[in-house]
Amino acid sequence: MIPIKLDIQGLYSYKEKQTIEFDKLTAAGLFGIFGAVGSGKSSILEAVLLALYGSTERLSDRGEKNSMVNLQSDVLLLNFEFSSGRNNAKTYLARYSVKRNSKNFDDIKPAEHTFYEKVDGNWEPITARAEEIVRMKKEHFKQTVIIPQGKFREFIDQKPLDQAKMMKELFGLERFDLSFKTGLLLKAVKEQKIRLETQLQGLEDYSEEILVGKQSQFSELKTQATGASQKLKSAESEVRLQENLRAKNQQLLKFRAEQENLILVRPEIEKQRQLHSEFIKAKTYLRPVWEQIRDTSADLEKYKVSVIDCERFKIEFAKEVAELEEQEADLKAKNKERPQREGKIRDLKKVIEIQTLETQREQANATLLNLQPTIEIKKQAQKALEAKIAELDSEADKISTADSSVLANLMSSAKDWKQVENQLSKIQLESNEITQEIELVNAKIEALNIAIPANESSFETWLTSQKTIIQELEKHRDLLMQKQGLAAHVHLLHNGEACPLCGALEHPNPLEGDDENGLEQKGLQIQEAKLLLDQIQTSKSTYSELAFHLENHKKSAGAKSIELQEAKQNLSSIKTSLAESGIEGHEDLLAKIQAIEHSSQTREKLLQEVKSLRKNWDSERIIIDQSEKELQQAQLKLQSVQSNISSKKEEIRDMAFCKQFFARETTQIQSAIDKVEKDIEEALQALEGKQKHLREKRSVTDKNLADLINFTQLRDQSSTKLEKLKTDFESLKIKHGFMDEERLIHLFQHSIDAEKVAREITQFDQKLAIAENRMQELETEEGVISFQEESFQELSTSFENLKINAESFQKQVLLLDKEIQETTSKLVEKKILRAGFAKVEIRESYLKELDNMFRGSGFVKFVSSIYLKELCNTANVRFMKLCKNQLSLDIDDNNTFWVIDYLNGGKKRLLKTLSGGQTFQASLCLALALAEKVKALNQADQSFFFMDEGFGALDKNALRVVFETLKSLRHENRIVGIISHVEDLQQEIGVFANIELDPERGSQVSYSY
């Protein structure tokens, strides 16, 4: 995971929105985030955890969200953009936001936590969570990528069981948990074995003897079935011929009956044929004209009624228009008085404005009377403050001003003097310890050299010689075992009989077996030789380790000698510098510092008091200036009000009318104005409504006159058209022979379905023709008319008996054949099951052995221990460099961390016994090693590591070594971020973000570039 950008708003001290540009910081490989204590540095890591996992290190997401949100903010918003996945190729955005309840300040609404992925330049929402994207739980993320404040040594403080569990979850070691899978396989094999046993029990009734007997019986039945089938086939041909004649005889009888039925319904069909012809003629030629006559008559009657209605409405509309014109004239006369009434309303409104201005003039006079005495009192107090400030300034000037740089230099020298003295004693003590350790290691090496035989030059040659001796002993033992094995079969050899090994018929010198005690003695010699070999290897390993430690101790002794000389030079330089200033000893230096500090404190106290008084003077001066401005504004307002009153009185046109209203209340005047305005508005609305009604009524009258003319024309046209249609209808009746008009009308109203009647007539003609033709064809065929049903039934009965006999034989043959096939297949299946059962028994024995091996989680714990040991070895590469080869990390079989102390003979002690600075170094190395393993696990080309604080426990030299180690990580394609308030680090790191806490705006972010 590589961070790109982080937006923070409303989290802890971040009141305004701030952006952390990680992409510019991470480009340097090593960057820092610096600021004073409480400025909001650690809140950046809190924001990353909250954006990814929905909870922070200090507070949980549930129940404590109200403490996360800035007390002056209504919303908390985090946008964290980062890359992840294989080679960090994909870009994601984590968004987290919460809002306060607008009705309850302490209530925080549920958080909105969403993730997005950048696809073709656009953010698309995804359902995956941080655990799936980053492929780490929050607890592991805090130990491998981001290490919050105070959590740096959390990994080494974990219990061994928790460390193993972390390795299992982080590196997916559950794939090595084979106990469950083995148990499932064993269970499946046992079930398969039971299933095979059950199947074999079901096949015990099938044997080769039963199969041979059924095959002999099958041959006899097949011969009998063939004879019965031939008899059935000859009888079947005769039956088929008689069935054909029977079918044709039945068809002849059927067509005769159908002909007789058709002849009976022929009169009714002929009557339908005549009615259909008349209906088609009337519908085609006369009905259209008859329908036009009916429609035209209805239109004529409708138009006559419309003409009568329009003539009646003409008279009524004329009377209503005259009444509306008279009402309109009355309303126009009333609205002519409107301008005079509106003029009086304007004058009354001026009266109300004058009354308001009179009230304002009284308020301005009262303000002037209050402000003038107050201003005079405050001016006198200002003069007293000025005198007090002058007095304090005089006292401060009498005290000599100490040079702050001199005081700082003296305090720095005192601190350096103390540190150098402590350093000298510490280095001397460490140097003595190293010398003692060198002597002890030399003694151990000498003791080991004495154990080497005189004929061997070193442990390597001694080890090679011992291995050669063991090989020779093992070869001799193998020969003895071969001879003993062959001798066990000598009693089987007889002259004249072939040897089972070489085939020879003669055996002149049979092999005699060696004594079994000789073989046992040879085994004991090999065992003793191997024990000696183990001792040699152990001694060699110990010798190499001691030589390595001796070399490290010598290097450390040389380094300590140089450090001791440098410390003495530093102390001499400090004393020389102080002697130039007249300071001879450490006590003189402390007295000088105390005197300067006392003088500075007294003068600073006076200056602070002067500053406070001047601040009070400035505050009072601002109040006086503000009061004088208020006085001027009150005077100007009084003049403005008086001028407005005069101008408003001049604007009144009818003063005689308005005088009586000056003494009245404003509400009474406004009520009179509202009443008159309402009356004017109602008169105007009434006139407009009446005029609108008159226009509508005149429009309706004009439309009625136009309708009268139109309906009159349509009435005359319909009358002429009706006469012409009646004449045409009479001509058509004569032409088509319909003299009886009632019958014609009856045909028009008849509900006959012409198509259906025509279809029934056609079908009748076709059926009659078909019946007559088929009867003629069947009567000419031979044997159809003379067919006898009794003879056919006798023949059928004989055929059915033959058929039943043949089918009986055939069924017996099929059943017996099926039984033979089933027996054959069962015997094959029985053979296959026996072979499978033997394989399953073998597999069951193997799986039982594996189940005993993988029972419990022992194998997973074993693999987890390997991962922890590998992690420890990786961390030692950096840790030994940081501690100058004096210490190294180790882990035992119980996953407990230990420290090998080379200054104390390579003895082990618990990791918890390290000092604060050494613990930080060990934690840093383990965290970097763990991050390196995670980088390889995620197949990433870069990895990111971010730590908060932890440097305060280191001295300058240790801090320098740690910093050099962090800078070297850039060559390993690693990105390292540091959060700290240590100034030495800020001077070393060129690219950093600076966090400052502004009292008004909250935490503000700035950059070094």
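Note that the structure is predicted; figures quoted are calculated from it, not measured.

## As for unusual backbone geometry
Then comes step 1: The phi torsion at D120 lies on the positive side, around 55°, for a residue other than glycine.
Then comes step 2: Within the fold, D120 resides in the loop between β7 (112–119) and β8 (122–126).
Then comes step 3: Phi at R135 is positive, roughly 65°, even though this residue is not glycine.
Then comes step 4: With respect to the element layout, R135 can be found in the loop between α4 (130–134) and α5 (138–144).

## A word on the packing of aromatic side chains
Then comes step 1: Applying the stated criterion to the full structure yields six aromatic pairs.
Then comes step 2: Ring geometry for F459 versus W462: centroids 6.3 Å apart, planes at 25°, classification stacked. With F459 and W462 both in helix α13 (residues 459–487) and three residues apart, this pair spans about one turn of that helix. Exposure class is identical for F459 and W462. Each is buried.
Then comes step 3: Taken together, the ring pairs connect F80, F82 and Y92 into an aromatic cluster.
Then comes step 4: Across from the ring centre of F313, 4.5 Å away, lies the NZ or CZ of R312, which sits over that ring.

## Brief notes about helix α8 (residues 179–202)
Then comes step 1: An ideal rise of 1.5 Å per residue puts 34 Å on 24 residues; α8 measures up with 35 Å between its terminal C-alpha atoms.
Then comes step 2: For α8, the complete set of buried residues consists of S179, T182, L186, V189, L196 and L200.

## Brief notes about the sheet that holds strand β10 (residues 887–891)
Either a parallel or an antiparallel arrangement is found when strands of a sheet pair, and the pairing is made through backbone hydrogen bonds.
Then comes step 1: Pairing is antiparallel in the open sheet, where three strands are placed in the order β10-β11-β12. Two strands close off the open sheet at either side, each with one partner strand: β10 and β12 (907–910). Ignoring which end each strand starts from, the neighbouring axes of this sheet average 35° apart.
Then comes step 2: In this structure, β10 lies alongside strand β11 (residues 897–901), joined through five bridges in antiparallel fashion. Among the inter-strand pairings, D890 is bridged to a residue of β11, identified as W898.

## Examining a nonpolar patch on the surface
Then comes step 1: A cluster of nonpolar side chains, contributed by F859, F862 and I866, occupies part of the molecular surface with about 280 Å² of accessible area.
Then comes step 2: Along the chain, F859 turns up in helix α21 (residues 858–882).

## Examining the packing of helix α9 (residues 208–285) against helix α10 (residues 287–335)
Then comes step 1: Their axes nearest at 4 Å, the elements α9 and α10 cross at an angle of 50°. If you check the angle between α9 and α10, you find them oblique. Judged by residue contacts, A282, K283, T284 and Y285 of α9 engage R287, P288 and V289 from α10.
Then comes step 2: Residues of the contact of α9 with α10, tallied by class, amount to four nonpolar, one polar and two charged.

## Some remarks on the nonpolar core
Then comes step 1: Among the nonpolar cores identified, the biggest contains 48 residues, and L52 and F141 are the most heavily contacted of them.
Then comes step 2: Among the elements that line this core, the one with the most residues is helix α2 (residues 42–53), at nine residues.
Then comes step 3: Not counting chain neighbours up to four residues away, the residues in contact with L52 comprise F80, F82, A94, H113, F115, A130 and F141.
Then comes step 4: Counting residues in each nonpolar core, the second largest holds 21 residues, with A875, C883, L914 and A922 among its members.

## Here we look at the pattern of salt bridges
Then comes step 1: In total, this model carries 16 salt bridges according to the counting rule given.
Then comes step 2: One salt bridge connects E81 with K118, and the closest N-O pair in it is separated by 3.9 Å. Taken as a pair, E81 in strand β4 (residues 75–84) and K118 in strand β7 lie far apart in primary sequence, 37 residues in all.
Then comes step 3: Residue classification places E81 among the buried residues on the basis of a relative accessible area of 14%.
Then comes step 4: E320 serves as the salt-bridge partner of K697, at 2.8 Å between the closest nitrogen and oxygen. With K697 in helix α17 (residues 666–736) and E320 in helix α10, the pair connects residues that are 377 residues apart, well separated along the chain.
Then comes step 5: Taken together, the salt bridges that share partners define one network made up of K193, E844 and K848.

## Re the state of the cysteines
Then comes step 1: Evaluation of the coordinates by the stated rule reveals zero disulfides.
Then comes step 2: For the unlinked cysteine C883, the closest cysteine sulfur is that of C925, found at 8.2 Å.

## Overview of the pairing of strand β16 (residues 1002–1007)
Then comes step 1: Where strand β15 (residues 992–998) meets β16, six bridges bridge the pair, whose relative direction is antiparallel. For I995, the partnering residue across the bridge sits in β16 and is V1005.
Then comes step 2: Counting the residues in the hairpin turn of β15 and β16 gives three residues.

## Observations regarding the packing of α10 against α17
Then comes step 1: Viewed as axis vectors pointing N to C, α10 and α17 meet at an angle of 160°, and their least axial separation amounts to 6 Å. One finds that α10 runs roughly antiparallel with respect to α17. α10 and α17 meet at a crossing whose hand is left-handed.
Then comes step 2: Residue composition of the contact of α10 with α17, by class: 26 nonpolar, 13 polar and 17 charged.

## With respect to the pairing of strand β3 (residues 30–35)
Then comes step 1: Within β3, six of the six residues are buried, which leaves the element mostly enclosed by the surrounding structure.
Then comes step 2: Along β3, one buried face is formed by L30, G32 and F34 and the opposite face, lined by F31, I33 and G35, is buried too.
Then comes step 3: Of the strand pairs in this sheet, β3 and strand β14 (residues 974–980) are connected by five bridges, and their pairing is parallel. Each residue of the ladder has a partner; that of L30, found in β14, is V976.
Then comes step 4: Judged from the four bridges that link them, β3 and β15 form a sheet pairing that is parallel. Paired with G32 across the two strands is F992, which belongs to β15.

Reading the values: rules and limits
Residues numbered from 1 in each chain as written. Predicted model: local features only at pLDDT ≥ 70, side-chain atom pairs only at ≥ 80, totals over all residues. Heavy atoms only, no water. Helix = DSSP H or I, 4+ residues; strand = E, 2+ residues; numbered from the N terminus. Phe/Tyr/Trp six-rings, centres within 6.5 Å; stacked < 30°, edge-to-face > 60°. Buried < 20%, exposed > 50% of the residue type's maximum accessible area, 1.4 Å probe, protein only. Lys NZ or Arg CZ within 6 Å of the ring centre and 35° of its normal. Expected span 1.5 Å × (residues − 1). Pairing = 2+ DSSP bridges. Axes fitted to C-alpha atoms, helices over the stretch in contact; angles between N-to-C directions. Patch = residues over 30% accessible without salt bridge, like charges linked within 9 Å, V, L, I, M, F, W, Y side chains within 5 Å. Areas by Shrake-Rupley, 256 points an atom, 1.4 Å probe, with all protein chains shown as cover. Salt bridge = Lys/Arg side-chain N within 4 Å of Asp/Glu carboxyl O. Parallel < 35°, antiparallel > 145°, perpendicular 65-115°, else oblique. Contact = heavy atoms within 4.5 Å. Nonpolar A, V, L, I, M, F, W, Y, C, P; charged D, E, K, R; others polar. Core = buried A, V, L, I, M, F, W, Y, C linked by side-chain atoms within 4.5 Å. Disulfide = S-S within 2.5 Å. Left-handed = near helix turned anticlockwise from the far one by under 90°.

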